[in-house]
Amino acid sequence: MNHVDNCRPPPAVELQRWALSGSAELRSLRTSLQQALSGIRTAGCDDLEDIAERVVLVATELATNALQHGLPPTTVRLLYHEGRLVLDVADHNPGYAPVEAALSLAGDRSRGLPIVRAMSLDVGWYAEDDVKHVWASFSVEPQPVAVLSQDR
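How each quantity is defined
- Residues numbered from 1 in each chain as written.
- Predicted model: local features only at pLDDT ≥ 70, side-chain atom pairs only at ≥ 80, totals over all residues.
- Heavy atoms only, no water.
- Buried < 20%, exposed > 50% of the residue type's maximum accessible area, 1.4 Å probe, protein only.
- Helix = DSSP H or I, 4+ residues; strand = E, 2+ residues; numbered from the N terminus.
- Pairing = 2+ DSSP bridges.
- Contact = heavy atoms within 4.5 Å.
- Salt bridge = Lys/Arg side-chain N within 4 Å of Asp/Glu carboxyl O.
- pLDDT = per-residue confidence, 0-100.
- Expected span 1.5 Å × (residues − 1).
- Arc of directions from axis to C-beta.

**Q** It is not clear to me how the pairing of strand S4 (residues 84–91) should be interpreted in this structure. Could you clarify?
**A** As a general feature of sheets, a regular strand has side chains that alternate between the two faces. The buried fraction of S4 amounts to 7 of the 8 residues, a majority that puts the element mostly inside the structure. Of the strand pairs in this sheet, strand S3 (residues 74–81) and S4 are connected by 7 bridges, and their pairing is antiparallel. Within the sheet, the bridge partner assigned to Leu-79 lies in S4 and is Val-86. The turn joining S3 and S4, which pair antiparallel and follow one another in sequence, is formed by 2 residues; a positive phi near 40 degrees is taken by Glu-82. Looking at chain direction, S4 and strand S7 (residues 131–139) are connected through 8 bridges and run antiparallel. The residue bridging Asp-91 from the neighbouring strand is Lys-132, located in S7.

**Q** Could you clarify how one ought to interpret the side chain of Thr-75 in this entry?
**A** Here Thr-75 is to be found in strand S3. If we skip the residues at most four places from it in the chain, Thr-75 touches Arg-17, Trp-18, Asp-88, Val-89 and Ala-90.

**Q** Please explain the pattern of salt bridges as it appears in this structure.
**A** Summed over the entire model, instances satisfying the criterion amount to 7 salt bridges. Between Arg-54 and Asp-50 there is a salt bridge, with its nearest N and O atoms 3.2 Å apart. With a gap of 4 residues between them, Arg-54 and Asp-50 both fall in helix H2 (residues 48–69), about one helical turn apart. The exposure class assigned to Arg-54 is partly exposed, which follows from its relative accessible area of 23%.

**Q** Whenever I open this one, the confidence of the model for the protein chain confuses me. Can you help?
**A** A low pLDDT score tells you not to read the predicted coordinates there in detail. Averaged over the protein chain, the pLDDT score is 81; the fraction of residues at 70 or greater is 76%. Every residue in residues 143–152 is under pLDDT 50, and counting partners more than four places away or in other chains gives 0 contacts.

**Q** What's the story with helix H1 (residues 26–38) in this structure? I'm lost.
**A** Owing to its 3.6 residues per turn, the α-helix brings residues three or four apart onto one side. With 13 residues, H1 extends 18 Å between its outermost C-alpha atoms, agreeing within 8% with the 18 Å of an ideal straight helix rising 1.5 Å per residue. For H1, every residue scored as buried is listed here: Leu-26, Leu-29, Ser-32, Leu-33, Ala-36 and Leu-37. Across the axial projection of H1, the buried residues extend over an arc of 135 degrees, all falling on one side. More than 90 degrees from the buried face of H1, the exposed residues found are Arg-27 and Gln-35.

**Q** What am I meant to see in unusual backbone geometry here?
**A** Glycine aside, residues mostly have negative phi, and peptide bonds are mostly found in the trans state. Note the cis peptide between Pro-72 and Pro-73, where omega equals -5 degrees. Its location among the elements puts Pro-73 in the loop between H2 and S3. If you check the backbone angles, Glu-82 has positive phi at about 40 degrees while not being a glycine. Within the fold, Glu-82 resides in the loop between S3 and S4.

**Q** Looking at this model, I keep getting lost on the environment of Leu-29. Mind explaining?
**A** Here Leu-29 is to be found in helix H1. When its relative accessible area of 1% is taken as the criterion, Leu-29 is described as buried. Spatially, the C-alpha atom of Leu-29 lies 8.0 Å from that of Thr-60, the residues being 31 residues apart in sequence. Residues contacting Leu-29, with those up to four places away along its chain left out, are Trp-18, Leu-20, Ala-59, Ala-63 and Val-76.

Here it is in structure tokens:
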């Protein structure tokens, strides 16, 4: 098993916040997050639909982990910093560090963090006072297109 990197995300502006008290609220989180992300589509990122699907999947995985292994309340925040969306999920169990198990088809447990790592650009966590934050970032800047020059 691997530990997720203990580091803070870049400083970012909060776009929206959700407070969860149980897994029954995951469906409304997904719907509300999808709506929040649809408002960003006007920013000119062509591939935002794919990014939105990945952000919603990662939010669900991280929030589920926080609800199962953390202490309430669980807070999900959508942040933005210089061409990146940052998803921050916080719970009140800073003594329980996130652990990434190898992805296995044998069981249903321990798949969340490998999925999060595969779907996002960066993943990390940090503790602050009595709060643990697990975060993932996603690039929303259009990727630069390489121009090939031909010598004639």
